Amino acid sequence: MTARRAPVLAALLVLGLGAAACGHPSPDAGFAEAPPAVRLEALNAVDVRVARVSWTLARANADLCPVNRRRAGWTLQSASQYGGELRPLAEARYGLDGDLPGVLAAPADSPAGEAGLAQGDLILSVNGQPLSRGEAAVESYDGLQANIAVLDAAAARGPVSLRVRRDGVEREVTIRPVLACVYPTQVEVTGTLRSRADGRNIFISDGMVSVAADDDQLAFVLAHELAHAVLEHRTQPDVTGTRGASNWAISLRRGLSLSAEADADKAGLFLLTRAGFDPWRSVEFLTSYEEADRGARYAQVNSGGVYESASSRRRALQPVLADIAARRAANRALIP
Ligand SMILES: [Zn+2]
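Since the structure is predicted, the reported quantities are computational estimates derived from the model, not experimental observations.

A. Highlighting the pattern of salt bridges. Overall, the coordinates contain 16 salt bridges when judged by the stated rule. The partner of Asp 215 in a salt bridge is Arg 49, with the nearest N and O atoms 3.6 Å apart. A residue pair is termed long-range when its members are at least 10 positions apart, and Asp 215 in helix α6 (residues 215-230) and Arg 49 in helix α1 (residues 36-60) qualify at 166 residues. You can call Asp 215 partly exposed: its relative accessible area is 22%. The shortest N-O distance in the salt bridge between Arg 171 and Asp 121 comes to 3.3 Å.

So this is what it looks like as C-alpha cells:
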C-alpha cells in the first residue's frame, strides 16, 4: 500500500465527507487493478471471509439487535451483478445464470451450510415458487435483490424448501433458518480503507479486509459496525418500522454522535467476544490500521462524528478489555 496523498493534519475538519463512514479516507489498497481472473479469485476470498465472520457475529448477537429475524446465513450473488470481463468468468466459475441467486458463501455454522449448500449452488425456486432469471443483459444488482427479498421473506417465516442446481444436477434442499441480526454485510471494491453502516447494511472495503490479519481482527471492524446498529446510531425507517423513523434525529439531539465512534468500539468488543472472537486482537488491528493509513494517526471530525486516532482508540479499549476479562472470569453476562 502506498500513500498517494499528503498526511492529514491533526484535527483536520473534513465536513461532508462520507457521512456514515467509520475510518478515514485513505490511500489505495486492495486489488482493483489486477487482471480479471485474479480479481475474481481475490474477491471470492474476501467475500467468503467476510461472510463467515459477519454471520458468526449476526447469529451470536441476535438478542441484542434492534432488528432480527430468521435467516439462512448465506451470501448470494448473481451473474447480472458482474459487469464487463468479469461476467463470463463469474458465470463459468460459479455456475451463475442471470438474476438467479448463486451461493457465494454458506458458512459452516449457518443453516445454509448445515443443509449442505455450498458455493456453486444456484437457487432456482423457493417453496415451489420459481425465482426470476430476469433479462440480465445489463449489469444490475436489482434482479438479484428482488430474488433475495423473496428468499429472505420465506426464511423469516420458517423452514424453506429450495430447488438448487450444482454442476447441472438439480436437487431439493431444506433450510431451517435461525434468528440473527438482519444487517447484511457487503464488500465494496474501492481500494480504500473504509467500513460503514447505514442502518440497513454494513459495508466494508476490500482494503480494510486486507488490513485485518485474521478473523479476530476482521471481527473487530465488523462488530464495530454492528454495534452502530445495536446502539441504534444509524437506523432507517424501512428497516426498523416506526421506531426508527426519527432515530438519527434523536441521536443528534442527545449528543450521541460525539461519542458514537468510541461507543461503537466499546460495544463492538462485547459483540465479538460473545461471538467467540478474541477481543485482544483488536489492539493489534488498530496498530496495523494506523500503519496502513496515515490519516488514522490523527483525530478527525466530519459530518459522521468524531474519529479518534488509532492510538487513542487503542488506549480507550484497555479498560473495556479489562472489564470483559473480569466478566468472563466471574461468569457474568457480556452485555455492552
Ligand atoms: Zn463507526
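B. Just the confidence of the model for the protein, in detail. Chain-level pLDDT for the protein is 85 on average; 82% of the residues reach the 70-or-more range. Predicted confidence is poor over residues 24-29, with pLDDT under 50, and the contacts of this stretch with residues over four places away or in other chains come to 37 contacts. Across residues 236-251 the pLDDT falls below 50, and counting only partners more than four positions away or on other chains, this stretch makes 25 contacts in the model.

C. Molecular detail of the pairing of strand β9 (residues 169-175). In this sheet, β9 lies alongside strand β8 (residues 160-166) in antiparallel orientation, the contact comprising seven bridges. Within the sheet, the bridge partner assigned to Val 160 lies in β9 and is Ile 175. Where β8 folds back onto β9 in an antiparallel hairpin, the turn is made up of two residues, including Asp 167, whose phi is positive at roughly 50 degrees.

D. Structural view of the pairing of strand β6 (residues 122-126). Counted residue by residue, β6 has five buried out of five residues, so it is predominantly covered. Pairing of β6 with β8, which is carried by four bridges, proceeds in the antiparallel orientation. Bridge assignment links Ser 125 to a residue of β8, and that residue is Arg 163. Pairing of β6 with strand β7 (residues 129-130) involves two bridges; the strand directions are antiparallel. Following the sheet pairing, Ser 125 is matched in β7 by Pro 130. Adjacent in sequence and paired antiparallel, β6 and β7 are bridged by two residues, among which Asn 127 carries a positive phi angle near 50 degrees.

E. Expanded view of helix α2 (residues 86-94). Here α2 has its buried residues at Leu 86, Arg 87, Ala 90 and Tyr 94. The arc that holds every buried residue of α2, seen down its axis, measures 100 degrees, which confines them to one face. Looking one or two places after α2, you find Gly 95, whose phi comes out positive at around 70 degrees.

F. Spotlight on the packing of aromatic side chains. The full count for this structure, using the stated rule, is two aromatic pairs. Considering the side-chain rings of Phe 220 and Phe 285, the 5.9 Å spacing of their centres and the 55 degrees angle between planes classify their relative orientation as tilted. Taken together, the residues span a long stretch of sequence, with Phe 220 in helix α6 and Phe 285 in helix α10 (residues 281-292) at a distance of 65 residues. The pair Phe 220 / Phe 285 is uniform in exposure class, with both members buried. One aromatic cluster is present, built from ring pairs that chain together Phe 220, Phe 285 and Tyr 289.

G. Focus on the state of the cysteines. A complete count under the given rule lists one disulfide for this structure. In this model, Cys 65 is linked to Cys 181 through a disulfide, with the two sulfur atoms separated by 2.0 Å. Judged by the sign of its S-S torsion, about 90 degrees, the cystine formed by Cys 65 and Cys 181 is right-handed. Of this pair, Cys 65 sits in the loop between α1 and β3 (68-71) while Cys 181 sits in strand β10 (residues 178-181), placing them 116 residues apart in sequence. Per residue, the accessibility class of Cys 65 equals that of Cys 181, and both read buried.

Rules and cut-offs
Residues numbered from 1 in each chain as written. Predicted model: local features only at pLDDT ≥ 70, side-chain atom pairs only at ≥ 80, totals over all residues. Heavy atoms only, no water. Salt bridge = Lys/Arg side-chain N within 4 Å of Asp/Glu carboxyl O. Helix = DSSP H or I, 4+ residues; strand = E, 2+ residues; numbered from the N terminus. Buried < 20%, exposed > 50% of the residue type's maximum accessible area, 1.4 Å probe, protein only. pLDDT = per-residue confidence, 0-100. Contact = heavy atoms within 4.5 Å. Pairing = 2+ DSSP bridges. Arc of directions from axis to C-beta. Phe/Tyr/Trp six-rings, centres within 6.5 Å; stacked < 30°, edge-to-face > 60°. Disulfide = S-S within 2.5 Å.

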